[in-house]
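Okay, here's what each chain looks like letter by letter:
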Amino acid sequence: MITLHHCVSARSFRPLWILEELGLPYTLRMLPFPPRALAREFLADNPLGTVPLLVDGDTRMTESAAICQYLAARHSPGQLDVPLTDPAHGAYLNWLHMGEATLTFPQTLVLRYTHFEPEERKQPQVAQDYSRWFLARLKAMDAALQQEQQFLCAGRFTAADVSVHYALMLAAHLGLATQFPDAVRHYHQQLEQRPAFQRALLAQHQAAVDQGIPTTPAPDMRPGKG
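Definitions and cut-offs
Residues numbered from 1 in each chain as written. Predicted model: local features only at pLDDT ≥ 70, side-chain atom pairs only at ≥ 80, totals over all residues. Heavy atoms only, no water. Salt bridge = Lys/Arg side-chain N within 4 Å of Asp/Glu carboxyl O. Helix = DSSP H or I, 4+ residues; strand = E, 2+ residues; numbered from the N terminus. Buried < 20%, exposed > 50% of the residue type's maximum accessible area, 1.4 Å probe, protein only. Core = buried A, V, L, I, M, F, W, Y, C linked by side-chain atoms within 4.5 Å. Axes fitted to C-alpha atoms, helices over the stretch in contact; angles between N-to-C directions. Parallel < 35°, antiparallel > 145°, perpendicular 65-115°, else oblique. Contact = heavy atoms within 4.5 Å. Nonpolar A, V, L, I, M, F, W, Y, C, P; charged D, E, K, R; others polar. Expected span 1.5 Å × (residues − 1). Bend = angle between axes of the 7 residues up to and from the residue. Phe/Tyr/Trp six-rings, centres within 6.5 Å; stacked < 30°, edge-to-face > 60°.

Caption draft 1: Broad picture of the pattern of salt bridges. Within this structure, the stated rule accounts for 11 salt bridges. As a salt-bridge pair, glutamate 21 and arginine 194 come within 2.8 Å of each other at their nearest N and O atoms. In this pair, glutamate 21 is assigned in helix 1 (residues 13–22) and arginine 194 in the loop between helix 7 (182–191) and helix 8 (195–210), connecting sequence segments 173 residues apart. According to the relative accessible area criterion, glutamate 21 is partly exposed, its value standing at 21%. On the basis of relative accessible area, arginine 194 is assigned to the partly exposed category, the value being 23%. Its salt-bridge partner being glutamate 119, residue lysine 122 comes within 3.2 Å of it at the nearest N-O pair. Salt bridges here are not isolated pairs; linked through shared partners, they connect Arg11, Arg14 and Glu100.

Caption draft 2: Just the nonpolar core, in detail. Ranked by size, the top nonpolar core spans 62 residues in total, and within it Trp17, Trp95, Phe134 and Met141 carry the most contacts. Top contributing element to this core by residue count: helix 6 (residues 159–173), with 10 residues. Among the nonpolar cores identified, the runner-up in size contains nine residues, and Cys7, Leu31, Ala39 and Phe42 belong to it.

Caption draft 3: Focus on the packing of helix 5 (residues 124–148) against helix 7. The contact between helix 5 and helix 7 brings their axes to 8 Å, and the two run at 75 degrees. Between helix 5 and helix 7, the angle falls in the class roughly perpendicular. When helix 5 is examined against helix 7, the residues Leu138, Met141, Asp142, Leu145 and Gln146 are found in contact with a partner set consisting of Ala183, Val184 and Tyr187. When grouped by side-chain class, the residues that make up the contact of helix 5 with helix 7 number six nonpolar, one polar and one charged.

Caption draft 4: Region of the structure containing helix 5. Here helix 5 is 25 residues long and its end C-alpha atoms lie 36 Å apart, about the 36 Å a rise of 1.5 Å per residue gives. The largest bend along helix 5 measures about 25 degrees and falls at alanine 140. Among all positions of helix 5, only Ala127, Ser131, Phe134, Leu135, Leu138, Met141, Asp142, Ala144 and Leu145 are buried. Looking at the packing, one finds that the buried side of helix 5 touches helix 4 (89–116), helix 6 and helix 7. Looking one or two residues past helix 5, glutamine 149 carries a phi angle of roughly 80 degrees, positive in sign.

Caption draft 5: Highlighting the packing of aromatic side chains. Under the criterion given, the structure shown has six aromatic pairs. Ring centres of phenylalanine 13 and tryptophan 17 lie 6.4 Å apart, and the angle between their planes is 50 degrees; on these two criteria the pair is classed as tilted. Residue phenylalanine 13 and its partner tryptophan 17 are both found in helix 1; the two are separated by four residues, about one turn of the helix. Each member of the pair, phenylalanine 13 as well as tryptophan 17, is classed as buried.

As structure tokens, this is what we get:
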């Protein structure tokens, strides 16, 4: 049985969505955000104190994009995965990892220096600069979507779409969605209509309720507030 350690709408939403797309059985262990501060016992499972943590037998993984790649390759070769023999393999890997490294990372700085730091350490200019940096990187995505029409690569939905979409999901929590280019906005809205996406939202909410964890999405958490 796969176990996913997860905070509501944190990066760990990526593997949760993949698990729902694949229809795999899994156990969802919910944690308060941030777990390294609010669930110190979790450090015994993951010394980083971060989510996701995916446990699949002897396999333990903590990088959300890598977990998506692992699950897609192991459980859906040629479906959510794009095999090495496919000409789109390079584009697939590029988008898969761009979702985290290029599109999500700058938003963590926006979140930190707008909301998570004490008042005296907040940096409005840093937040503004990295918001613009993120939005500028959407130009490549906009161009790809105008060419590919519906998905980012291989002419079909893949784990790369899950990875990139989480960055858009996070941007929506940060109030940046109104600045998406038209093709990106349409892509964002269409993917959120997928049944597996909707199931993942319901799964995390119900699991949080059942396990006594706050249901507020991690990007909306504020120091001192639930």
